[in-house]
Amino acid sequence: MIQKYFQNAMQAAHYEMLEDQIGFYGSIPGATGVWATGSTLEECRSELLEVLEEWVLLGIAMGHELPEFDGAILKVESVA
């Protein structure tokens, strides 16, 4: 379930080449604050996945509602 969530989120990612072709920028729409840069596209993707993983863990720890990515949902339920 969580692997599908990450896969779908990464498929939604947008990448662009930085000015003067010095690297790449990537972000995931719907995941506020999840962005990364890298000198290569693959480096940028790898960094973006790491940021996404940390963002999800923080969101779970704080009880935030996480966005849906192409049908993949992670439900955060409070423990009483």
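The sections below set out a description of the structure shown in this document. (Residues numbered from 1 in each chain as written. Predicted model: local features only at pLDDT ≥ 70, side-chain atom pairs only at ≥ 80, totals over all residues. Heavy atoms only, no water.)

1. What about the packing of helix H1 (residues 2-11) against helix H2 (residues 41-62)?
In step 1: Across the interface, H1 lies against H2 with an axial gap of 11 Å and an inter-helix angle of 130°. It follows from the interaxial angle that H1 and H2 lie oblique. In this structure, H1 crosses over H2, and the sense of that crossing is right-handed. When H1 is examined against H2, the residues Tyr5, Phe6, Ala9 and Met10 are found in contact with a partner set consisting of Arg45, Leu48, Leu49, Leu52, Glu53 and Val56.
In step 2: A breakdown of the residues in the contact of H1 with H2 according to their chemical character gives eight nonpolar, no polar and two charged. (Axes fitted to C-alpha atoms, helices over the stretch in contact; angles between N-to-C directions. Helix = DSSP H or I, 4+ residues; strand = E, 2+ residues; numbered from the N terminus. Parallel < 35°, antiparallel > 145°, perpendicular 65-115°, else oblique. Left-handed = near helix turned anticlockwise from the far one by under 90°. Contact = heavy atoms within 4.5 Å. Nonpolar A, V, L, I, M, F, W, Y, C, P; charged D, E, K, R; others polar.)

2. A closer look at unusual backbone geometry
In step 1: Positive phi outside glycine occurs at Gln21, with the angle close to 50°.
In step 2: Following the sequence through the fold, Gln21 ends up in the loop between strand E1 (14-17) and strand E2 (24-27).
In step 3: The residue Asp70 is not glycine, and still its phi comes out positive at about 50°.
In step 4: The residue Asp70 is located in the segment after H2 in this model.

3. What about a negative patch on the surface?
In step 1: Residues Glu43, Glu47, Glu50, Glu53 and Glu54 make up a contiguous surface patch of negative charge.
In step 2: Checked against the element boundaries, Glu43 lands in helix H2. (Patch = residues over 30% accessible without salt bridge, like charges linked within 9 Å, V, L, I, M, F, W, Y side chains within 5 Å. Areas by Shrake-Rupley, 256 points an atom, 1.4 Å probe, with all protein chains shown as cover. Salt bridge = Lys/Arg side-chain N within 4 Å of Asp/Glu carboxyl O. Lys, Arg positive; Asp, Glu negative; His and termini not counted. Charge placed at Lys NZ, Arg CZ, Asp CG, Glu CD.)

4. So, the packing of aromatic side chains
In step 1: The final tally for this structure, using the stated rule, is three aromatic pairs.
In step 2: Between Tyr5 and Phe69, the ring centres sit 5.3 Å apart and the planes meet at 70°, which makes this aromatic pair edge-to-face. Here Tyr5 is found in helix H1, whereas its partner Phe69 is found in the segment after H2, with 64 residues between them in sequence.
In step 3: Among the residues examined, Phe69 registers a relative accessible area of 5% and is labelled buried. (Phe/Tyr/Trp six-rings, centres within 6.5 Å; stacked < 30°, edge-to-face > 60°. Buried < 20%, exposed > 50% of the residue type's maximum accessible area, 1.4 Å probe, protein only.)

5. Section: the nonpolar core
In step 1: With 17 residues, the main nonpolar core has Tyr5, Ile28, Val34, Leu48, Leu52, Val56 and Phe69 as its most contacted residues.
In step 2: Not counting residues up to four positions away in its chain, the partners in contact with Ile28 are Ala9, Met10, Ala13, Val34, Leu48, Leu52 and Phe69. (Core = buried A, V, L, I, M, F, W, Y, C linked by side-chain atoms within 4.5 Å.)

6. Some remarks on the pairing of strand E3 (residues 35-38)
In step 1: What you see with E3 is a clean split: Ala36 and Gly38 sit on the buried side and Trp35 and Thr37 on the side with no burial.
In step 2: Of the pairings in the sheet, the one linking E2 to E3 comprises four bridges and is antiparallel in character. Residue pairing across strands places Tyr25 opposite Thr37, the latter belonging to E3. (Pairing = 2+ DSSP bridges.)

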